[in-house]
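Architecture at a glance
Each chain, written out:
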Amino acid sequence: MAATVIDGKAVAASVRERVRGEVGGLSAELGRPPGLATVLVGDDPASAIYVRRKREACEEVGIRSFHHEPDGSIEQEELLDLLQNLNEDDEVDGILVQLPLPDQIDADAIVTALDPGKDVDGLTPTSAGLLARGEPGLVPCTPQGIMELLASAGVDPAGKEAVIVGRSNLVGRPLFSLLLGANATVTICHSRTRDLGEVCRRAEILVAAAGQPKLIGGDMVRPGATVIDVGTNRTDDGLVGDVDFDAAVEVAGAITPVPGGVGPMTIAMLLVNTVEAARLRHQKAATGARR
């Protein structure tokens, strides 16, 4: 029997509707809508599309969008000055710097310069440290979206063996912490993992996030496993994931498609993080005012 296909578009729509309701209540508390600042450096077409979609999603749920689009020749110090202004702007609750950045910019320095309380991508060292310690903080959007997809499919990670293929700071490492916090037994695979297929076949939850088209074949999937495909690879055959969907769907119990799986969740969780950042900043300000 073919696997259940997890509809990321439907789950993302449900999340956006939930956020819309939260924005209404929070706006009344704040006296203004939550605000997200987007920073797009240069004119990369793919990045421009991503940022436009994020801004449109904000507008849809009532989050105010502040957009900044410096020229691709901007120097690092000038960009750091812009971020400092956004860090200090009380109207801005979240800041998103679209990656990648031009070669003259040190992306790590830019990320580190963000106020962790406004780090809606969850990429600052402070955010990563809180997540690794299992403490409250802003969590990277794609891993958070994966956890939402698992919940929507009725998959409880507790006690299950989970395997993540890919160890990036964007997905693999933060997802490790989230699954571990949900009481799964977690293995991360990478380019030096021996016998990748054998390790993957142990997984009750298998997450492919390596950026290699159809790396995971059907023979690498445990029967009945939940397979989450993070890959978005443009090939001559169109957009494909890191999983050979046609083969894996015949073995897995549930699987995400590409497109229409993990992708829509990333923007949905950005909205969640923006609302959470606004709420936490409001609570912190209220606590400070009472002292």
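Right, let's walk through the structure included here. (Residues numbered from 1 in each chain as written. Predicted model: local features only at pLDDT ≥ 70, side-chain atom pairs only at ≥ 80, totals over all residues. Heavy atoms only, no water.)

1. Observations concerning the overall build of the chain
The helix and strand inventory of the chain stands at 10 helices and 11 strands. Considering only C-alpha atoms, the chain reaches an extent of 55 × 45 × 35 Å along its principal axes. At a minimum sequence separation of 6, the contacts of the chain that also span at least 24 residues come to 71%. Accessible surface, the chain: about 14,000 Å² in total, of which carbon and sulfur atoms supply 49%. Within the chain, one finds 27 positive and 42 negative side-chain charges whose respective centroids are separated by 5 Å. (Helix = DSSP H or I, 4+ residues; strand = E, 2+ residues; numbered from the N terminus. Contact = heavy atoms within 4.5 Å. Areas by Shrake-Rupley, 256 points an atom, 1.4 Å probe, with all protein chains shown as cover. Lys, Arg positive; Asp, Glu negative; His and termini not counted. Charge placed at Lys NZ, Arg CZ, Asp CG, Glu CD.)

2. Looking at helix 6 (residues 141-152)
Taking 1.5 Å as the rise per residue, helix 6 with 12 residues should run 16 Å; its terminal C-alpha atoms sit 16 Å apart, in good agreement. Within the sequence span of helix 6, burial applies to Cys 141, Thr 142, Pro 143, Gln 144, Gly 145, Ile 146, Met 147, Leu 149 and Leu 150. Directly beyond the C-terminal end of helix 6, a positive phi value near 75 degrees is found at Gly 154. (Expected span 1.5 Å × (residues − 1). Buried < 20%, exposed > 50% of the residue type's maximum accessible area, 1.4 Å probe, protein only.)

3. A look at the sheet that holds strand 7 (residues 205-208)
The strand order 1-11-8-7-5-6 describes an open sheet built from 6 strands, whose pairing is parallel. Whereas interior strands pair on both sides, the edge strands pair on one side only; in this sheet they are strand 1 (4-5) and strand 6 (185-189). Each of strand 5 (161-165), strand 6 and strand 7 touches helix 7 (residues 172-181); the most contacted strand, strand 6, lies at about 170 degrees to it. (Pairing = 2+ DSSP bridges. Axes fitted to C-alpha atoms, helices over the stretch in contact; angles between N-to-C directions.)

4. Some thoughts on the nonpolar core
Counting residues in hydrophobic clusters, the biggest one holds 48 residues, and the most contacted among them are Ile 146 and Leu 179. Only helix 1 (8-30), helix 2 (45-61), helix 6, strand 5, helix 7, strand 7 and helix 10 (263-290) provide two or more residues apiece to this core. Considering every element that reaches this core, the biggest residue donor is helix 10, with 9 residues. Listed in part, the 20 residues of the second largest apolar core include Val 199, Cys 200, Ala 208 and Ala 225. (Core = buried A, V, L, I, M, F, W, Y, C linked by side-chain atoms within 4.5 Å.)

5. Remarks on the side chain of Arg 32
The topology assignment puts Arg 32 in the loop between helix 1 and strand 2 (35-39). Within the structure, the side chain of Arg 32 is placed 2.9 Å from the side chain of Asp 93, a separation counted as a polar contact. Discounting chain neighbours no more than four positions away, the residues touching Arg 32 are Leu 26, Ser 27, Asp 90, Glu 91, Asp 93 and Arg 281. (Polar contact = N/O pair within 3.5 Å; in protein donor to acceptor, adjacent residues only side chain to side chain.)

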